[in-house]
Amino acid sequence: MTLPVHTAPPIRPTAARTHLFNDRTVDDYRRAVAAGVDRVARRVAQASGPFSGVRPDRLAPLLDAIDLDRPLHDTTAALDELEEVYLRDAVFFHHPRYLAHLNCPVVIPALLGEAVLSAVNSSMDTWDQSAGGTLIERRLIDWTARRIGLGPAADGVFTSGGTQSNLHALLLAREEALAGAAPADRRLLLPRLRIVTSAAGHFSVQKAAKLLGLAPDAVVLVRTGPDRRMRPGAVRHEITRCRRAGLPVMAVVATAGTTDFGTIDPLAEIAEGCAGVWLHVDAAYGCGLLVSPTRRHLLDGIERADSVTVDYHKSFFQPVSSSAVLVRDRRTLRHATWHADYLNPARAVAQQIPNQVDKSLQTTRRFDALKLWLTLRVMGPDAVGELFDEVCDRAAQAWELVAADPRFEVLARSPLSTVVFRWRPTGHGPELADAANLHARAELAASGLAVVAGTRVDGRQYLKFTVLNPTTTRDDVAYVLDLIAEHAGRYAHTHADLTCPVG
Ligand SMILES: *Cc1c(COP(=O)(O)O)cnc(C)c1O
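Throughout this document, residue positions are counted from 1 along each chain, in the order its sequence is written. Reporting in this predicted model follows two pLDDT cut-offs: at least 70 for local features of residues, and 80 or more for side-chain atom pairs to be given and counted; totals over whole chains, interfaces and linings ignore these cut-offs and use all residues. In computing side-chain values, all of the structure's heavy atoms are included and hydrogens and water are not.

Named according to an unreviewed UniProt entry, the protein chain is Pyridoxal-dependent decarboxylase originating from Micromonospora qiuiae. UniProt positions are given in the numbering used here, feature names are shortened, and annotations may be inferred rather than shown by experiment. The heading Sequence similarities (unreviewed entry) in the UniProt record of the protein chain holds the text "Belongs to the group II decarboxylase family." Under the UniProt heading Cofactor (unreviewed entry), the entry covering the protein chain gives this text: "pyridoxal 5'-phosphate".

Asker: Looking at this structure, how should I read the overall build of the protein chain?
Answerer: A helix here means a DSSP run of H or I that spans at least four residues, while a strand means a run of E at least two residues long, and both kinds are numbered starting from the N terminus. Counting secondary structure elements, the protein chain contains 16 helices and 12 strands. Our radius of gyration looks at C-alpha atoms and nothing else; its globule reference is 2.2 Å times the residue count to the power 0.38. Taken against the 2.2 N^0.38 rule, which gives 23 Å for 503 residues, the C-alpha radius of gyration of the protein chain at 26 Å falls within 12% of a compact globule. Its C-alpha atoms give the protein chain principal-axis dimensions of about 110 × 60 × 40 Å. Between buried and exposed lies partly exposed: a residue is buried under 20% and exposed over 50% of the maximum accessible area for its type, with that area taken using a 1.4 Å probe on protein chains only. Residue burial in the protein chain is summarised as follows: out of 503 residues, 49% are buried. In the protein chain, once contacts between residues fewer than 6 apart in sequence are set aside, the share between residues at least 24 apart is 74%. Calculation of accessible area relied on Shrake-Rupley with a 1.4 Å probe; when residues are assessed, cover is drawn exclusively from the protein chains displayed. For the protein chain, the computed accessible surface area is about 24,800 Å², with 56% contributed by carbon and sulfur atoms. Of the side chains in the protein chain, 57 bear a positive and 56 a negative charge, and the two mean positions are spaced by 4 Å. Should any heavy atoms of two residues lie within 4.5 Å, those residues are considered in contact. None of His or the chain ends enter the tally, which takes Lys and Arg as positive and Asp and Glu as negative. Throughout, a charge is located at the NZ atom of Lys, the CZ atom of Arg, the CG atom of Asp or the CD atom of Glu.

Asker: Please explain the environment of Leu-481 as it appears in this structure.
Answerer: Summarising the element assignment, Leu-481 is placed in helix α16 (residues 474-495). Between the C-alpha atom of Leu-481 and that of Trp-373, which follows or precedes it by 108 residues, the distance is 38 Å. Apart from residues lying up to four places away in sequence, Leu-481 is in contact with Leu-401, Val-402, Arg-407, Phe-408, Phe-421 and Phe-465.

Asker: Quick question: what am I supposed to make of the pairing of strand β10 (residues 418-423) here?
Answerer: Remark: a regular strand shows side chains that alternate across the two faces of the sheet. Burial analysis of β10 places six of its six residues in the buried class, the great majority of the element. Of the two faces of β10, the one carrying Thr-418, Val-420 and Arg-422 and the one carrying Val-419, Phe-421 and Trp-423 are both buried. Here, a strand pair is defined by DSSP locating no fewer than two bridges between the strands. Across three bridges, the pairing between strand β9 (residues 408-410) and β10 is antiparallel. The residue of β10 that forms the bridge with Glu-409 is Arg-422. Pairing of β10 with strand β12 (residues 460-466) involves four bridges; the strand directions are antiparallel. For Thr-418, the partnering residue across the bridge sits in β12 and is Thr-466.

Asker: Would you mind going over the domain arrangement of the protein chain with me for this structure?
Answerer: Where interface size is quoted, it is often the accessible area lost as the parts come together. Annotation comment: domain bounds sourced from an automatic or database domain assignment. Examined at the domain level, the protein chain breaks down into domain 1 (46-107 + 380-503) and domain 2 (121-378). One C-alpha centre belongs to domain 1, the other to domain 2, and the line joining them spans 30 Å. Each partner contributes residues to the interface: domain 1 has 31 residues there, and domain 2 has 32 residues. Here's the idea: put two parts together, see how much 1.4 Å probe accessible area each one loses, and the total over both is what we call buried area. Buried surface at the junction of domain 1 and domain 2, both sides included, amounts to about 2,700 Å², of which 64% is carbon and sulfur. When the buried area of domain 1 at its contact with domain 2 is split by residue, Leu-102, Phe-388 and Leu-416 rank highest and sum to 23% of it. Salt-bridge detection follows one rule: a side-chain nitrogen of Lys or Arg within 4 Å of a carboxyl oxygen of Asp or Glu. The interface formed by domain 1 and domain 2 contains four salt bridges.

Structure, rendered in structure tokens:
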């Protein structure tokens, strides 16, 4: 007896397949990507300001009108549409009058890296999904650790950003603090653990504490002086105070480049004073100093950290995302290790197969390291450091310009590239000044001529320049100051009757 033969129906290629990137579609790939690159290039060439000033209520209806279930079936049409709903009104960080947040203009070798890494689409969790990508990432981690001076046992891993790097470092610190504790003791200890950090530190420390299951008051904020740096004596004092209260300090977090002020905590003295406690240095912003030909000394003491956060996407002129967490002792990374039989079995370790997922909080992960790799291979570290030096110089000039201008008051001078200042009206109270500064910031963004940031300091409303663009000139800064004074002055003039004059 013969069995019936089942023949599968012939597979007919569908139109959908023409969209797959493979050996048959390389020409389409070249054309599509080149068309996209061309649109961006044209926008950037045309941009007369950093922003169009568009408001969400004008843009949202355009997006709402798009039926995502009815495709355009045409790349050009999709790009035309994209111009309307995104590119025309994007916020452009390459523009010299974008002075707001910690966003940098990006270098071309890194954009090349971005194009390569997304097309090849390696995933950094395991060797068998990345091969050479894993080795490139490891070399860059070693290179960064050496620049920091973390010593021969250092290691680390790329992350999605400073927030994740801080969470990762604090997870390791927590596990080190709880090492050896029996489960019952862990439960008792966990709500007692404390993190000592600066009042000017990044809020991601608070978020990390929450995610790590610590108590709501686990983060002890050390007040800063007018220089916006933690005093080492105050750190020591808090550690002692916590210990006396039976609250073990699991980590001290020092900041090399505070987000609001660009100030750097005295790292060496803090390291001295917190010996025995895990020291994490959040250098998300200040890490550019690692390659600075003239300012590397500002990071002195960072080599004593147990862990360090670096954001290449802040001061290495890299596109988002590109960040890393580094540790002094690679053994501590085991706290993030989980072996899954299907992915990274424990036997792979014995076989010396490098699986980065063993060190990472993420599983599938972008090959962001490639951008930094091509940046270093094309430009070299000194050129990146020169760019960062230039923005620090430019910010120092801007600080002097504001300090010499009677229309403004200015706060702590940053060794990096931040200027925090406030328009100061004559004859009016601080409430009107608060409102006028807020108003000036909003008007400036709405005009699209410049984008600046704002923040509250000691209860008052301030404005902030974060200079990360070497092409920003002194004239750009002077022009923006004039615009701010004009908007704020007009506001104060028309609202003067709403608040009581001083005196
Ligand atoms: C920006 C910043 C962070 C957060 O980094 P992301 O990359 O935005 O997640 C953490 N710490 C400091 C000091 C920062 O400036």
